[in-house]
Amino acid sequence: MAADTPLDSDSLSGAPREAASSVLALYSSADTVAMQAALQQAHMAWAAGEVPVGAVVVDETGKLIGSGFNRTITDHDPTCHAEIVALRQAAGTAGNYRLPMASVFVTLEPCVMCLGAMLHARIGRVVYGASDPKTGACGSVLSLHTNTKLNHHTMVSGGLLADECGDLLRQFFRERRAKAKRPL
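Residues numbered from 1 in each chain as written. Predicted model: local features only at pLDDT ≥ 70, side-chain atom pairs only at ≥ 80, totals over all residues. Heavy atoms only, no water.

The next subject is a positive patch on the surface. Taken together, the side chains of Lys134, Arg174, Arg177 and Lys181 define a basic patch exposed on the protein surface. Mapping Lys181 onto the fold places it in helix H5 (residues 162-181). Its relative accessible area of 71% is what places Lys181 among the exposed residues. (Patch = residues over 30% accessible without salt bridge, like charges linked within 9 Å, V, L, I, M, F, W, Y side chains within 5 Å. Areas by Shrake-Rupley, 256 points an atom, 1.4 Å probe, with all protein chains shown as cover. Salt bridge = Lys/Arg side-chain N within 4 Å of Asp/Glu carboxyl O. Lys, Arg positive; Asp, Glu negative; His and termini not counted. Charge placed at Lys NZ, Arg CZ, Asp CG, Glu CD. Helix = DSSP H or I, 4+ residues; strand = E, 2+ residues; numbered from the N terminus. Buried < 20%, exposed > 50% of the residue type's maximum accessible area, 1.4 Å probe, protein only.)

Laid out in structure tokens, this is it:
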């Protein structure tokens, strides 16, 4: 999906799943559409042989201004997480590295590097799908966004389409482990 594209249900393949949990009650339909767009990015990562994490950045009107998926292997760059790729595109679209009214939707809880970049960009809101018990910096391992010593803070919430986001990652790693066990 290109930057500067309005997000709507018609621009996504497939309709959003029915709300199966009360978590969805915390989010608007526009939030769900944005996370569906992030999931599309995650599928692109998988197709490229990357860990399937996707992210999108929307401005205050809900217009998509950046999107990305993990590219660390493809680009030989440890900083090419989905969030960083999407932030770079959004900053280019906006013509400014500060994005104070923007929201980031990402399929996996951001790590310290990614949340730090979002704080530097002055992102207004971060919404993630699945929690990351190994490197999550939004409450699972650390709560970087609540550190009062930092000069900027952002609203963070998680769990939007968590099952879909988590299932995609579990399927990817299950397939990867099965391939590793096959004899040559």
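Moving on, we get to the environment of Gln41. With respect to the helices, strands and loops of the structure, Gln41 is situated in helix H1 (residues 29-47). Gln41 sits 26 residues away from Ser67 along the chain, and the two C-alpha atoms are 7.3 Å apart.

Right, let's get into the nonpolar core. Met35, Val57, Leu87, Phe105, Met118 and Ile123 are the most contacted members of the largest nonpolar core, which totals 46 residues. At the level of secondary structure, the elements contributing two or more residues to this core comprise H1, strand E2 (54-58), strand E3 (63-69), helix H3 (82-94), strand E4 (103-108), helix H4 (112-120), strand E5 (125-130) and H5. It is H1 that provides the largest number of residues to this core, a total of seven residues. When near neighbours in sequence (up to four residues on either side) are disregarded, Met35 contacts Phe105, Val106, Thr107, Val127, Tyr128, Gly129, Leu160, Leu161 and Cys165. (Core = buried A, V, L, I, M, F, W, Y, C linked by side-chain atoms within 4.5 Å. Contact = heavy atoms within 4.5 Å.)

Attention shifts here to the pairing of E3. In terms of burial, E3 is a largely internal element, six of the seven residues being buried. In terms of strand pairing, E2 meets E3 through five bridges, oriented antiparallel. Each bridged residue has a counterpart across the sheet, and for Ala55 the counterpart in E3 is Gly68. With antiparallel pairing between neighbouring strands as the criterion, E2 and E3 make up a hairpin whose turn holds four residues, including Gly62 at a positive phi of roughly 95°. (Pairing = 2+ DSSP bridges.)

Looking now at the packing of H1 against H5. H5 packs onto H1 with a crossing angle of 5° between their chain directions and a minimal axis gap of 11 Å. By the criterion of interaxial angle, the relationship of H1 to H5 is roughly parallel. Between H1 and H5, the residues in contact are Met35, Leu39, Ala42, His43 and Trp46 and Glu164, Cys165, Leu168, Gln171, Phe172 and Glu175, respectively. (Axes fitted to C-alpha atoms, helices over the stretch in contact; angles between N-to-C directions. Parallel < 35°, antiparallel > 145°, perpendicular 65-115°, else oblique.)

Counting across every chain of the model gives two aromatic pairs. Seen from their ring centres, Trp46 and Phe172 are 5.4 Å apart, and the 90° between their planes marks the pair as edge-to-face. Here the residue Trp46 occupies a position in helix H1, and Phe172 occupies one in helix H5, the gap between them amounting to 126 residues. Where Phe172 meets Phe173, the ring centres are 5.1 Å apart and the plane angle is 80°; that geometry is what we call edge-to-face. The class for Phe172 is buried, based on a relative accessible area of 6%. Feature note: the residues Trp46, Phe172 and Phe173 constitute an aromatic cluster, connected by ring pairs. (Phe/Tyr/Trp six-rings, centres within 6.5 Å; stacked < 30°, edge-to-face > 60°.)

Mapped onto the secondary structure, Asn70 falls in the loop between E3 and helix H2 (72-75). When its relative accessible area of 10% is taken as the criterion, Asn70 is described as buried. Within polar-contact distance, the side chain of Asn70 engages the backbone oxygen of Val51 at 3.3 Å. Apart from residues no more than four positions distant in its own chain, Asn70 is found in contact with Ala45, Glu50, Val51, Val53, Cys80, His81 and Ala82. (Polar contact = N/O pair within 3.5 Å; in protein donor to acceptor, adjacent residues only side chain to side chain.)

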